[in-house]
Amino acid sequence: MFVVALIVVWYVTLPTPPDAFYTWSAKVPATPGTLLRAEPFARGIPAGAKSWRILYTTTQGNGSPALASAIVVASSVDAAEPSPVIAWAHGTTGVVPACAPSLSQQPLDGTPALALAMQAHWVVVATDYAGLGTSGAHAYLVGADEAHATLDAVRAARQMNALKLSDNVVVWGYSQGGHAALWTGMIASGYAPELRIEGVAALAPATDLPALEDYTQGMLVGRIFSSYIVDGYSATYPDVSWPGMVRVGALFPARDMSRRCLDGKSALPAVADAWLISGSIFKADPASGPLGARLRENIPNGKIQAPLLIAQGLADQLVAPSIQNAFVRSACERGQSIAYVTYANKDHLSLVAAGSRLETDLFHWTQDRFQGVAVAAGCATEAR
């Protein structure tokens, strides 16, 4: 009976599949950023705002068309002029379609300065990324795929009759989304030249991926994130596979973790799976071999022309400040201009929590970008 009960619990805690909104039965148009569907959306939207969820086309890293979904949030009071856009890239939620933020009870949880953005009549376009909500694999921490979905969400939102959007865009991203934001800044001019990227703000971003993988192997959440990486990279790259990367004793719980979301009823089984694994899920150092090579490919080392803000909590135990400091130092040595702001006593979650000083700092920095305030070249570090 105990075994039967465990099987029942395992089954009923699997994430609920997405509803029909996320399915497109016709051929996917080849033009990225094509708006396919939009409908009003109210769940978890703050007072004084109106929102929609949208289905649109994007491009996978290999150039093939794909579907993605997003939430678009605007002030309930229409602006007199076309509204500038915040392209929001969310942090890790999981890697299966059911883990899309737009499917959760609090889809904008962790989005900093949202109320301030609404007061300023900015429109927030929050991609789910391809493979979250929509069918197919989610290319977790694969930079080009994340960036395509982020830019194409803005393109699709600009086709909505209910909104008037300007060409001016500032990209915000947190954690996984910080990685996406950096890649968005890197490729925007070549991929979506019609958009004016006025700034990129990466908040506790995943940057040096091999170093972060090595650092988090001893953590429960680190093992969950590792399962997400193997899932996303094995679907994206032919030289990365589950049996090739993951040791036999960790294979079943790691694959089960990859089917679970970090939010809701499926989170606890994922933690239980991670607890069952002693040490790393990997056969060898994840920074070595094919996986290590692919992780290095996805470090956001490219040049970003727009003003760049990187924010980091100094009490962050997931994205280690030492790793972030080294990444920023290396980028500055390559000639990248960065405003690097650190926050004492802020960990990975509290950095973007309501009431964090980051909210007002991010708002004012973004306001300056939309107003065209000049930014001095070079790197500057500021402690908060």
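Please refer to the structure higher up on the page.
I will try to describe carefully the structure that is included in this document. Keep in mind it's a predicted model, so treat the numbers as computed, not measured.

We now examine the layout of surface pockets. Approximately 1,300 Å³ is the volume attributed to the largest pocket. In terms of residue count, the dominant contributor to the lining of the largest pocket is helix α6 (residues 220–236) (four residues). Class assignment for the residues of the lining of the largest pocket results in 29 nonpolar, 15 polar and four charged.

Counted under the stated rule, the structure contains 13 salt bridges. Residues D256 and R260 are paired through a salt bridge, measuring 3.6 Å at the closest nitrogen-oxygen approach. One network of salt bridges, in which partners are shared, links R357, D361, E382 and R384.

This next bit is on the pairing of strand β9 (residues 338–343). A large share of β9 lies buried, amounting to five of its six residues. Traced from strand β8 (residues 308–313) through helix α11 (residues 321–333) to β9, the parallel crossover comes out right-handed. Here β9 pairs with strand β10 (residues 379–383) via five bridges, running parallel. Residue pairing in the sheet places Y340 in a bridge with T381 of β10. Once you follow β9 into helix α12 (residues 357–370) and on to β10, the crossover reads as left-handed.

Spatially, ten strands are ordered β1-β2-β3-β5-β4-β6-β7-β8-β9-β10 in an open sheet, and the strand pairing comes out mixed. With one partner strand each, in any of the chains shown, β1 (35–40) and β10 form the two edges of the open sheet. Here the average twist between neighbouring strands, direction ignored, is 20 degrees. With seven bridges connecting them, strand β6 (residues 165–174) and strand β7 (residues 196–203) associate as parallel partners.

On to the state of the cysteines, then. Taken as a whole, this structure holds two disulfides when the rule is applied. At a sulfur-sulfur separation of 2.0 Å, the disulfide partner of C99 is C261. Across the S-S bond linking C99 and C261, the dihedral sits near -90 degrees, which makes this disulfide left-handed. Placement of C99 in the loop between β4 (83–89) and α2 (114–119) and of C261 in the loop between α8 (248–258) and α9 (267–276) is noted, with a sequence separation of 162 residues between them. Neither residue differs from the other here; C99 and C261 are each classed as buried. At a sulfur-sulfur separation of 2.0 Å, the disulfide partner of C332 is C379. Negative torsions about the S-S bond denote left-handed disulfides, and the value of about -105 degrees found for C332 with C379 makes this one left-handed. With a gap of 47 residues between them, C332 in helix α11 and C379 in strand β10 connect regions that are remote in the sequence.

What follows deals with empty space enclosed by the protein. Scanning the entire structure with this criterion turns up two cavities of 30 Å³ or more. Approximately 190 Å³ is the volume found for the largest cavity. When contributions to the lining of the largest cavity are tallied by element, the ones reaching two or more residues are α5 (209–216) and α6. Looking at the lining of the largest cavity, the element that brings in the most residues is α5, giving four residues. Among the residues forming the lining of the largest cavity, the class breakdown is ten nonpolar, four polar and one charged. Each pocket or cavity is described by its volume, and for the second largest cavity that value is around 40 Å³. In terms of lining, the second largest cavity is formed by I71, W88, H90, P101, P107, L108, A126, T127 and D128. Considering only residue class, the lining of the second largest cavity consists of six nonpolar, two polar and one charged.

A separate point is unusual backbone geometry. Positive phi, normally seen in glycine, also occurs at H121, with a value near 60 degrees. Take H121: it is sitting in the loop between α2 and β5 (123–127). What makes H121 partly exposed here is its relative accessible area of 25%.

What follows is about the nonpolar core. What tends to happen in soluble globular proteins is that the nonpolar side chains get buried as a cluster. Ranked by size, the top nonpolar core spans 54 residues in total, and within it V72 and I197 carry the most contacts. The element that contributes the greatest number of residues to this core is helix α4 (residues 176–191), accounting for eight residues. What I197 contacts, discounting residues up to four positions off in sequence, is L151, V169, V171, A188 and A306. Within the second largest apolar cluster, 33 residues are counted, among which are L141, V142, L209 and V246.

Criteria and cut-off values
- Residues numbered from 1 in each chain as written.
- Predicted model: local features only at pLDDT ≥ 70, side-chain atom pairs only at ≥ 80, totals over all residues.
- Heavy atoms only, no water.
- 1 Å grid on protein atoms, 1.4 Å probe; cavity = no way out; pocket = protein on both sides within 12 Å on 5 of 7 lines; lining within 4 Å.
- Points joined across faces, edges and corners; volume = space filled by probe spheres on them.
- Helix = DSSP H or I, 4+ residues; strand = E, 2+ residues; numbered from the N terminus.
- Nonpolar A, V, L, I, M, F, W, Y, C, P; charged D, E, K, R; others polar.
- Salt bridge = Lys/Arg side-chain N within 4 Å of Asp/Glu carboxyl O.
- Buried < 20%, exposed > 50% of the residue type's maximum accessible area, 1.4 Å probe, protein only.
- Right-handed = clockwise from strand over helix to strand, strands pointing away.
- Pairing = 2+ DSSP bridges.
- Axes fitted to C-alpha atoms, helices over the stretch in contact; angles between N-to-C directions.
- Disulfide = S-S within 2.5 Å.
- Core = buried A, V, L, I, M, F, W, Y, C linked by side-chain atoms within 4.5 Å.
- Contact = heavy atoms within 4.5 Å.

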